[in-house]
Structure formats: structure tokens, C-alpha cells
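Structural description and commentary
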Amino acid sequence: MDGLIDALTRIVGAENLADDSLSKDKYGLDWTRFYSADPEIIVFPRSIEMVQQLVKFANENDLPLVPSGGRTGLSGGAVATNREIVVSFEKMNRILEFDRIDDCVTVEPGVITQQLQAFAEDKGLFYPVDFASSGSSQIGGNIATNAGGIKVVRYGLTRDWVVGLKVVTGSGELLNLNRGLVKNATGYDLRHLFIGSEGTLGLVVEATMKLTSIPQDLTVVLLEVPRMSDIIAVLQTFREAIQLSAFEFFSEAALQHVLNHSKSTHPFTAATQYYALLEFENESAETMKQAMKAFETCVEQGWVIDGVVSKSEQQRRDMWAYRERISEAITPFTPYKNDIAVRVSQVPRFLLAVEQKVLDEYPAFEIVWFGHIGDGNLHLNILKPGGWDIDDFKHKCEKVSNKILAIVEQFGGSISAEHGVGLLKRGQLGFSKSAAEIALMKSVKQVFDPKGIMNPGKLLAP
């Protein structure tokens, strides 16, 4: 250990190392609650050069590296359980360059998502990738997991906003990918291999992100929907009437956890089983007229009982909080998460099939539903009963989840829409990828990380 500390000190300096127990617990875990942190040491590089030297040293000495961003992941992708060196990017957190002609900004990987959003707003622009953890997640982690969030229905995923990427591969080579170009027809776009690779091919050390225009007069409508099967009809009715920027849903159980956690009041006088939250740009009186017409249609059809429309920016934020605080509110209950997705057109039948399986298999567990219905992404959360052993709970959930994921496979869906695979779901990858695909993924990893030091054990099972 002393020799390792001496070597790392020469690379990053003693002030950029931590090996105390508090730091190990803090930087060795993400939001997943099924693992115990056991890293060897935490390293805080401050430059690309430091990262390159660190990776070359690790490669030469067969030392495993685990990249660490805001640690808001939910699949164990940033967990260090086997004496790995954790590479935290929180000190590489500068906004490096802004180009107003290209409407692009170049950032280090440790920049907080909300920091980028605020920077864009200050420049009269908008960074649209948004989610509940934007106040603590980092851009490098967003890229590593191809983060989605609440506005995918209009703006797409993180992948759609990365126009340039610098990465350090498992052998310590620095790659400068795409360089901010809009058009670049020069063969394989390696940038997209690293986006969503969960740190298994290399480390993101710099990113150029494009920005867009600020949406005007965003308005939120919160709807009471008594039957989950009707939510897609509600989505289609509004989508045909107005341009949506978000369409979310959550259950009464999810809302109650948020209300208890935040000590806030219920948005309706009488509760129902499910809620839909949609957002749009209220561009004109005609836009609101069409939105209200869609609402009236949904009520007439019996799909919606009641609704609330935001009248101010503060009210819009308060209504979003009902949705965005769900993960935070249920985290103390050690949720086992199924982050699943199918084509939007398949959602009604898929929902019914999964719901029936849940009712059959989880009668004793509390189920919390929420998700991004507008892009086909559902979050099924099973909360650990009090007094249950965490390993027993995880084992039971995994056993039954395989039955749920068999339904996902039947519908041609994904076992992980936005949380990534990490440690938690690596054994389930076969439900979404063929054996040939997995073999090719392993071959790609071998090319970029020949010694297997980059986030070993994550995404791909050994």
C-alpha cells in the first residue's frame, strides 16, 4: 500500500488522494443500496495529463479503476467492492470554452449537470437533458450512462447533445473524437461507443456539448388518471393537440412517499391511483385552447378525473417536484428497481402484462410505479419490507425480476432504459442483447481495454 500511495502521489500529488474510511464509503458507492464499499484508495485527478499517467500506471500494474462522478447511479455502475482505485472527477469541474456561433460549450467531466444548465441559461440558451439528480450528477457520468430523464420525448438523450469527446482508453491513449463537427462522414464514429459504455472502455476527460434555444412559457398540467391502461390514450390525445416537452406518470403510492418525505400537501382533494404530468410551451392563446380541448376530451372519455394547470413558474416547479422527488423519497426503503422500456406503441399491452405479473409475484411487497411514458420508459420499484435481510430481499427480487424481464424480452424491450447495467443487471443482459451482440461487446472492450482494468465487472459479466 505504501508503494502504491507513493506512486500515486507522484502522479496526482498527496492532496489529491484519500484513503480514510469516510472517503472510501462516500466515493465507493452510488445510490444503489445492495453493496458495501471496499476501494483501495480514492484519486482526484485535476487534468487530462494526470488521468493519462494514472491509467498508464494502472495498465502497467494491472490495477482496476472505477470512475466516479456524482454517484447518482442506480445500478451499481460506480461501486467499488474489490479494492479498486476510485477515480473521482469532482476536481475536474471547469467550463473550458463557449462558442456562440456554434452554440457549443466544452466542459470537464466533473461539471454538475445543473451547473451546465445554469451556464447555458446565462448565455441565453438551453441544455435540455434534465432529471431529478441534475443538482449532483456530473456530465461525465451522464455521458457514461447516456442519461435520459424527463424531456426525452422532445429533446432526446445525452447522446444527442455530445458533439465532441475526449477519452482516455484502458491503455492510456488519448482520443479526440468528432471535435464538435456537425457533419463528419469519416467512418466509425467512436464517440458513440463511449457514450453509454459505463466507463468500461475508457474515461471521459472532456466533452463538447451543444445547446439550443430556451423554451418559452413552460406550462405543466397534472392529471388524475384512475387506470394505468388509459395513460397512453391521454398521451396520444395531448400529443395530437400540442407539442409536448415531457409526459410523465407516477402512482399514488409514489406520490405519498414524496408527500411524507417533503412534508408537502396533496395536489388534489381526492386521490386516485395514477397521475400524468405533462409539460409544453404555452406559445399562444391557441396553444392553451388546444391543451384544454384535449383535457376535456380525456375527461369525457373517462380517462381523466381532474387536472391542475400551473399558473406561475413557482407552481410549475412545485408540480414537477411531485415527480422528481420520488427516487429521493423511496431511497431509504432500499428499492429494487426495474428500469425497463418498450416502444411507446407497445406500452398499453406491456403495462397490463407486467402489472399482472407484479400482482401475482409481489403480493407482500409495496410497489411504486413511475416513469417516462412519453418515451416508453417505466420504473417499477419494489420496496424492502422492514426487518427483511437485504441479501434475501435482493435474491427474491432478482428471481421474480427474471420473469418480468422475460416479458420485456417478449416485447422486444430493454432491461435498462436509462440507469445502465452496472453490477446490478449484468446477469440480465441476455434479455435485451443476443449472444452474438454480447460477444461483440466483449470484443470491443478487449480492443480499448486489453487488460480489463476499466470498471471491471460492470456491464459485462466476467
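The structure we're discussing is the one just above.
Model, not experiment: these values are computed from the prediction.

With that settled, consider the nonpolar core. Counting residues in each nonpolar core, the largest one holds 54 residues, and the members touching the most others are Leu223, Phe238, Phe247, Phe350, Trp369 and Ile373. Here this core gets 7 residues from one element, more than from any other, and that element is helix α14 (residues 390-410). With residues up to four places along the chain from it excluded, the contact list for Trp369 reads Met228, Phe249, Phe250, Ser251, Ala254, Tyr274, Val354, Val358, Leu378, His379 and Leu380. In this structure, Phe126, Val129, Ile139 and Val204 belong to the second largest nonpolar core, which totals 29 residues.

Let's shift gears to the packing of helix α13 (residues 347-361) against α14. For the pair α13 and α14, interaxial distance at closest approach is 10 Å and the crossing angle is 165°. Taken together, the axes of α13 and α14 are roughly antiparallel relative to one another. α13 and α14 meet at a crossing whose hand is right-handed. Mapping the contact onto sequence places Phe350, Ala353, Val354, Lys357, Val358 and Glu361 in α13 and Val400, Lys403, Ile404, Ile407 and Val408 in α14. Here the residues of the contact of α13 with α14 sort into 8 nonpolar, no polar and 3 charged.

Attention now moves to the side chain of Thr72. Looking at the element boundaries, Thr72 is found in the loop between β3 (65-68) and β4 (85-88). The exposure class assigned to Thr72 is buried, which follows from its relative accessible area of 14%. Excluding residues that lie within four positions of it along the chain, Thr72 makes contacts with Trp31, Ser133, Ser136 and Ser137.

On to the side chain of Ser88. Topologically, Ser88 is positioned in strand β4. At a separation of 3.4 Å, a polar atom in the side chain of Ser88 contacts the main-chain amide nitrogen of Glu90. Discounting chain neighbours no more than four positions away, the residues touching Ser88 are Tyr27, Ile42, Val43, Phe44, Pro45 and Ser68.

Summarising burial for strand β18 (residues 377-383): 7 of the 7 residues are buried, a large majority. On β18, burial covers both faces: Asn377, His379, Asn381 and Leu383 on one face and Leu378, Leu380 and Ile382 on the other are all buried. Taken together, the 6 bridges between strand β16 (residues 336-341) and β18 define a ladder with antiparallel strand orientation. Of the residues in β18, the one forming a bridge with Tyr336 is Ile382. Bridging between strand β17 (residues 366-372) and β18 involves 7 bridges; their strand directions are antiparallel. What sits directly across from Phe370, in β18, is His379. Remark: 4 residues form the turn of the hairpin made by β17 and β18, two consecutive strands paired antiparallel; Gly376 in that turn has positive phi of roughly 80°.

Moving on to the pairing of strand β14 (residues 274-281). The element β14 is largely enclosed, with a buried count of 8 among its 8 residues. Covered by surrounding structure in β14 are Tyr274, Ala276, Leu278 and Phe280 together with Tyr275, Leu277, Glu279 and Glu281, the residues of both alternating faces. In this structure, strand β12 (residues 218-225) lies alongside β14, joined through 8 bridges in antiparallel fashion. Residue Thr219 lies in a different strand from β14, and its bridge partner there is Phe280.

In this section: the environment of Glu286. Checked against the element boundaries, Glu286 lands in helix α10 (residues 285-300). Placed 82 residues apart in sequence, Glu286 and Val368 show a C-alpha to C-alpha distance of 37 Å. A polar atom in the side chain of Glu286 sits 2.8 Å from the side chain of Gln290.

Our focus in this paragraph is unusual backbone geometry. The backbone phi angle of Asp217 is positive, close to 50°, even though this residue is not glycine. By the secondary structure assignment, Asp217 is in the loop between β11 (212-213) and β12. Its identity is not glycine, yet Lys263 carries a phi of approximately 55°, on the positive side. Examined against the element boundaries, Lys263 turns out to sit in the loop between α9 (252-262) and β14. Given the relative accessible area of 73%, Lys263 is considered exposed.

Criteria and cut-off values
- Residues numbered from 1 in each chain as written.
- Predicted model: local features only at pLDDT ≥ 70, side-chain atom pairs only at ≥ 80, totals over all residues.
- Heavy atoms only, no water.
- Core = buried A, V, L, I, M, F, W, Y, C linked by side-chain atoms within 4.5 Å.
- Buried < 20%, exposed > 50% of the residue type's maximum accessible area, 1.4 Å probe, protein only.
- Helix = DSSP H or I, 4+ residues; strand = E, 2+ residues; numbered from the N terminus.
- Contact = heavy atoms within 4.5 Å.
- Axes fitted to C-alpha atoms, helices over the stretch in contact; angles between N-to-C directions.
- Parallel < 35°, antiparallel > 145°, perpendicular 65-115°, else oblique.
- Left-handed = near helix turned anticlockwise from the far one by under 90°.
- Nonpolar A, V, L, I, M, F, W, Y, C, P; charged D, E, K, R; others polar.
- Polar contact = N/O pair within 3.5 Å; in protein donor to acceptor, adjacent residues only side chain to side chain.
- Pairing = 2+ DSSP bridges.

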